[in-house]
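Report on the structure
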Amino acid sequence: LQSYIGHIINVMPSLLQGAVITVEVTSLSVFFGTIIGIFMALGKLSKSKIFHYPSVVYIDFIRGTPLLVQILLFYYGIPGLISSVTGEPLRIDPILAGVVVCSINSGAYVAEIVRAGIQSIEKGQMEAARSLGMSHSQTMKDIILPQAFRRIMPPLGNEFIVLLKDSSLLAVIGVPELLKSGQLYVATTFASFPVYIGVALVYLVMTLTISRLVHYSERRLGVGND
Ligand code: ARG
């Protein structure tokens, strides 16, 4: 038991460094994912086929395939394809690749969150604004989206927590995030039990903290009071 505690104490600094990368990658990905998601939701809701179909294909492909496969496809598959065409070896930075894949992945889930939020706003809101002479896109931007925003916040907080945990899959391409930091320590010490318990606890502290923060900001925003 003493040696287990010793390992936990020894590995903790690297785990915390890894946790910083985990939070950074997740924050960037949910940020870019939200931007992608808003456009893809509008695309999916659009009556125009050129916007509708690409959004639907993107959302279906991303949500219908495992994140782990998307990571491997993007980090090994696509660079491999490009270098077989150009004849030049192509290596991309694992952290950059991680942020790109997780942003693209998150975008598809956020798109469905945003679409549901928009569709939850009563039809009369659109009709009233249109009858006052506002254009469709103006109404979307100034009337519908601001109201949908409050309903979108809670599931967006949930998306952050899901991606924080699933970003551990980036360990397979060598992103030095929380899980990878633990694995590196296990590789030299074989102390798998204390290290993986430690990794789990650091994830747990982060997810509990975030869900409390989300809960608190929901109450401040008055979500659910409408
Ligand atoms: N676990 C699922 C997968 O492997 C979801 C991944 C990401 N989820 C998310 N909400 N961004 O495909």
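This text follows the structure it describes.
Residues numbered from 1 in each chain as written. Predicted model: local features only at pLDDT ≥ 70, side-chain atom pairs only at ≥ 80, totals over all residues. Heavy atoms only, no water.

**Structural notes on the overall build of the protein**
The helix and strand tally for the protein stands at eight helices and zero strands. Along the protein, helices and strands appear, N-terminal first, in the series α-α-α-α-α-α-α-α. Counting only C-alpha atoms, the protein reaches 70 × 55 × 20 Å along its principal axes. When burial is assessed residue by residue, the protein has 38% of its 226 residues classed as buried. Counting only contacts in the protein whose residues sit at least 6 apart along the sequence, the fraction spanning at least 24 positions is 74%. As displayed, the protein has an accessible area near 12,900 Å², and 68% of this comes from carbon and sulfur atoms. Charged side chains of the protein number 16 positive and 13 negative; the gap between the two group centres comes to 6 Å. (Helix = DSSP H or I, 4+ residues; strand = E, 2+ residues; numbered from the N terminus. Buried < 20%, exposed > 50% of the residue type's maximum accessible area, 1.4 Å probe, protein only. Contact = heavy atoms within 4.5 Å. Areas by Shrake-Rupley, 256 points an atom, 1.4 Å probe, with all protein chains shown as cover. Lys, Arg positive; Asp, Glu negative; His and termini not counted. Charge placed at Lys NZ, Arg CZ, Asp CG, Glu CD.)

**Here we look at the site of the ligand**
Neighbouring residues of the ligand: Thr65, Pro66, Leu67, Asn105, Tyr109, Glu159, Val162, Leu163 and Asp166. Between the ligand and the protein, one listed contact pairs a nitrogen atom with a side-chain N or O atom of Asn105 at 2.9 Å. The contact in question runs from a nitrogen atom of the ligand to an N or O atom on the side chain of Asp166, over 3.2 Å. Relative to its free-state accessible area of 350 Å², the ligand is covered by the protein chains to the extent of 75%. At four residues, helix α6 (residues 136-166) tops the list of elements feeding residues into the shell around the ligand. Here the shell around the ligand is composed, by residue class, of five nonpolar, two polar and two charged. (Near = heavy atom within 4 Å. Polar contact = N/O pair within 3.5 Å; in protein donor to acceptor, adjacent residues only side chain to side chain. Nonpolar A, V, L, I, M, F, W, Y, C, P; charged D, E, K, R; others polar.)

**Points about the packing of aromatic side chains**
Inspection of the entire model under this criterion finds three aromatic pairs. Where Tyr4 meets Phe193, the ring centres are 5.4 Å apart and the plane angle is 45°; that geometry is what we call tilted. In this pair, Tyr4 is assigned in helix α1 (residues 2-45) and Phe193 in helix α8 (residues 192-221), connecting sequence segments 189 residues apart. A residue is classified by how much of its surface remains accessible, and Tyr4, at 38% relative accessible area, is partly exposed. For Phe193, a relative accessible area of 51% corresponds to the exposed category. Both rings, one in Phe31 and one in Phe32, keep their centres 5.3 Å apart while their planes meet at 70°; by these two values the pair is edge-to-face. (Phe/Tyr/Trp six-rings, centres within 6.5 Å; stacked < 30°, edge-to-face > 60°.)

**Re the side chain of Thr34**
Among the secondary structure elements, Thr34 is positioned in helix α1. Not counting residues up to four positions away in its chain, the partners in contact with Thr34 are Val110 and Leu156.

**Remarks on the pattern of salt bridges**
In this structure the tally under the stated criterion is five salt bridges. Lys44 is the salt-bridge partner of Glu112, the closest N and O atoms lying 3.3 Å from each other. Placement of Glu112 in helix α4 (residues 94-119) and of Lys44 in helix α1 is noted, with a sequence separation of 68 residues between them. Ionic contacts of the salt-bridge type, sharing partners, join the residues Lys44, Arg63, Glu112 and Arg115 into one network. (Salt bridge = Lys/Arg side-chain N within 4 Å of Asp/Glu carboxyl O.)

**Considerations on the nonpolar core**
Ranked by internal contacts, the top residues of the largest apolar core, which has 31 residues, are Leu170, Ile173, Leu178, Val195 and Met206. Listed by contribution, the elements that provide at least two residues to this core are α1, α3 (67-86), α4, α6, α7 (178-189) and α8. If sequence neighbours within four positions are ignored, Ile173 has contacts with Ile71, Leu72, Tyr75, Tyr76, Pro94, Ala97 and Gly98. Formed by twelve residues, the second largest nonpolar core is a distinct cluster that contains Val114, Met140, Ile144 and Leu156. (Core = buried A, V, L, I, M, F, W, Y, C linked by side-chain atoms within 4.5 Å.)

**Some thoughts on a nonpolar patch on the surface**
On the surface, a nonpolar cluster with roughly 910 Å² of combined accessible area is contributed by Leu1, Tyr4, Ile5, Ile9, Phe193, Ile197, Leu201, Leu204 and Leu208. Sorting the residues of the nonpolar patch by element identifies α1 and α8 as the ones contributing at least two each. Examining the composition of the nonpolar patch, we find that five residues originate from one element, α8, more than from any other. (Patch = residues over 30% accessible without salt bridge, like charges linked within 9 Å, V, L, I, M, F, W, Y side chains within 5 Å.)

**Topic: the side chain of Ser83**
Tracing the backbone shows Ser83 in helix α3. Classification of Ser83 by relative accessible area gives buried; the value is 19%. In this structure the side chain of Ser83 is engaged in a polar contact, spanning 3.3 Å, whose partner is the backbone oxygen of Gly80.

**Let's talk about unusual backbone geometry**
Non-glycine residue Phe190 carries a positive phi angle of around 60°. Relative to the helices and strands, Phe190 is located in the loop between α7 and α8. Take Phe190: its relative accessible area is 67%, and that puts it in the exposed class.

Function cannot be read off these values alone, since they describe shape.
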